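Topology and contacts: notes
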Amino acid sequence: PEGEGVGHMTPAARVQTAIEILDSIAASARDNGPPADTIFAEAMRARRYAGSKDRRAVRELVYAAIRAVRSVPPSGRAAMVSLADSDAELAALFDGSPYAPTPIAPDEPRGELGLAAPALIDLFDPLVGADEHAAMLERAPLDLRTNRTRIDRNALADLLGAGEPIAATQDGLRLPAEFAAVQHPAFAEGLFEVQDAASQIAAEALGAADGMTIVDLCAGAGGKTLALAAAAPGACIIACDINRARLQQLAPRAERSGATNIETRLLNPGQEAAMLSDLIGAADAVIVDAPCSGSGTWRRSPELRWRLTPQRLARHRAEQAALLALGAALVRAGGVLIYATCSVLAGEGRDQVGAFLAAQDGAWSADFGGLPAGIGRRAGDGLLLTPHHDCTDGFYLARLQRA
């Protein structure tokens, strides 16, 4: 591309560009629009004069501001000024020169610094103390799940020339965040998928085996579906979701990985139970990776802090309870239900599962024996994994067994 490897923008112009992109990201957060990565990519495509050095510099500024400011700021400039207050070199670039931001006034608006709004921090699981906060916004490493049907992880690490086995997983490799894994030929050959260790652990906790009927109730683009298919090529795996665009991503991914034991079902919102009526009481195992706040993934998507409102959280919790009940109805006697959320909020983890079990009158029980040892901390009837304690995304995982 034109300008590749060259910086055509002045440092001050990069700051002004970052401010303009932050304006769009903040507006999108308020309106529940596209994510920050999408907005950034579109903004830089519109600035064809920017070289790769410019893009990297602007991206660093944008995400430094997002990570620093705890809630949606009054403007992109307010977020950037908050950064400049503690960075004299950045503040000096607000000089009013051509394409630069105007000088900072002492009394102009700032974004609020910190991990999250106090009211949101109050909702964290009790295990998430102040010692966890810094790690929740650090840049995450790149975790891969080796496709065991084609290669083992040691051979994959040799092929990539990088990667350390993730001890808590059977197939996980951890690489530096900047490693361009999906550009490697091994990705096109279906030798691995990008998947955080916590998600890999959730799929492994299900205990997939050949001959089982397994339902992935909130399959999305199919990350856990593909992990289950690789673990048990002789199982029948039914991947369900209400989001057509996301579910359609599964077919090409399955073809690339060589998985042939997956059926997809696009469900209509509000009609999920009717469309799964043939599976009531018939599944050996069900995994419910429910929609949630995403508070465990702030390392990867820090703008999610700007998007979470009490109303959205209430909707998530209602959806989680409904999906947990629906998933439970599909499980045969003696079968297993995995409940998971990429969240560190008690209301989306331990409280959700606790309420479910309390209403079951002994028909269901928590199965800690089926959960991985040596990782996570017991949180109610499940495990909580966190970036600081476990070097994974924040994640709640419960393995429940039907009597």
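Calculation rules
- Residues numbered from 1 in each chain as written.
- Predicted model: local features only at pLDDT ≥ 70, side-chain atom pairs only at ≥ 80, totals over all residues.
- Heavy atoms only, no water.
- Helix = DSSP H or I, 4+ residues; strand = E, 2+ residues; numbered from the N terminus.
- Rg over C-alpha atoms; globule rule 2.2 N^0.38 Å.
- Buried < 20%, exposed > 50% of the residue type's maximum accessible area, 1.4 Å probe, protein only.
- Areas by Shrake-Rupley, 256 points an atom, 1.4 Å probe, with all protein chains shown as cover.
- Lys, Arg positive; Asp, Glu negative; His and termini not counted.
- Charge placed at Lys NZ, Arg CZ, Asp CG, Glu CD.
- Pairing = 2+ DSSP bridges.
- Contact = heavy atoms within 4.5 Å.
- Axes fitted to C-alpha atoms, helices over the stretch in contact; angles between N-to-C directions.
- Core = buried A, V, L, I, M, F, W, Y, C linked by side-chain atoms within 4.5 Å.
- 1 Å grid on protein atoms, 1.4 Å probe; cavity = no way out; pocket = protein on both sides within 12 Å on 5 of 7 lines; lining within 4 Å.
- Points joined across faces, edges and corners; volume = space filled by probe spheres on them.
- Nonpolar A, V, L, I, M, F, W, Y, C, P; charged D, E, K, R; others polar.
- Salt bridge = Lys/Arg side-chain N within 4 Å of Asp/Glu carboxyl O.

Details of the overall build of the chain
The number of helices and strands found in the chain is 18 helices and 13 strands. For a compact globule of 403 residues, the expected C-alpha radius of gyration is about 22 Å, and the chain comes in at 23 Å, within 12% of that figure. Principal-axis analysis of the C-alpha atoms gives the chain an extent of 70 × 45 × 40 Å. Put simply, the chain has 403 residues, and 52% of those count as buried. Of the roughly 17200 Å² that the chain leaves accessible, carbon and sulfur atoms contribute 53%. Separation of charge centres in the chain, based on 38 positive and 49 negative side chains, amounts to 2 Å.

So, the sheet that holds strand E4 (residues 192–194)
The strand order across the open sheet built from 4 strands is E2-E3-E1-E4, with neighbouring strands paired in antiparallel fashion. At either margin of the open sheet sits one strand with a lone partner, and together these are strand E2 (164–165) and E4. Relative to strand E3 (residues 172–175), E2 is paired through 2 bridges, and the arrangement is antiparallel. Each residue of the ladder has a partner; that of Glu-164, found in E3, is Arg-174. Sheet strands in contact with helix H10 (residues 197–205) are strand E1 (142–146) and E3, and its direction is about 30 degrees off that of E1.

A word on the nonpolar core
Of all hydrophobic cores here, the largest spans 41 residues; its most connected members are Val-215, Leu-217, Val-286, Val-288 and Leu-337. If you list the elements that add at least two residues to this core, you get strand E6 (236–241), strand E8 (283–289), helix H16 (310–330), strand E9 (331–341), helix H17 (350–358) and strand E13 (395–402). With 6 residues, the single largest contributor to this core is H16. In this structure, Ala-198, Ala-203, Met-212 and Ile-214 belong to the second largest nonpolar core, which totals 33 residues.

A look at the layout of surface pockets
In this approach, a probe sized like a water molecule rolls over the atoms, and the result shows the empty space that is left. Taken as a whole, the second largest pocket holds about 210 Å³ of empty space. Lining the second largest pocket are 13 residues, with Ala-117, Leu-120, Leu-308, Thr-309 and Pro-310 sitting closest to its centre. Residue assignment for the lining of the second largest pocket shows that the elements contributing at least two residues are helix H6 (118–121), helix H15 (304–307) and H16. Classifying every residue of the lining of the second largest pocket by side-chain character gives 9 nonpolar, 2 polar and 2 charged.

A closer look at the pattern of salt bridges
Per the counting criterion, the structure on display carries 21 salt bridges. Among the salt bridges present, the one from Arg-256 reaches Glu-193, with a minimum N-O distance of 2.7 Å. In this pair, Arg-256 sits in helix H13 (residues 250–257) while Glu-193 sits in strand E4, placing the two residues 63 residues apart along the sequence. Just as Arg-256 is buried, Glu-193 falls in that class too.

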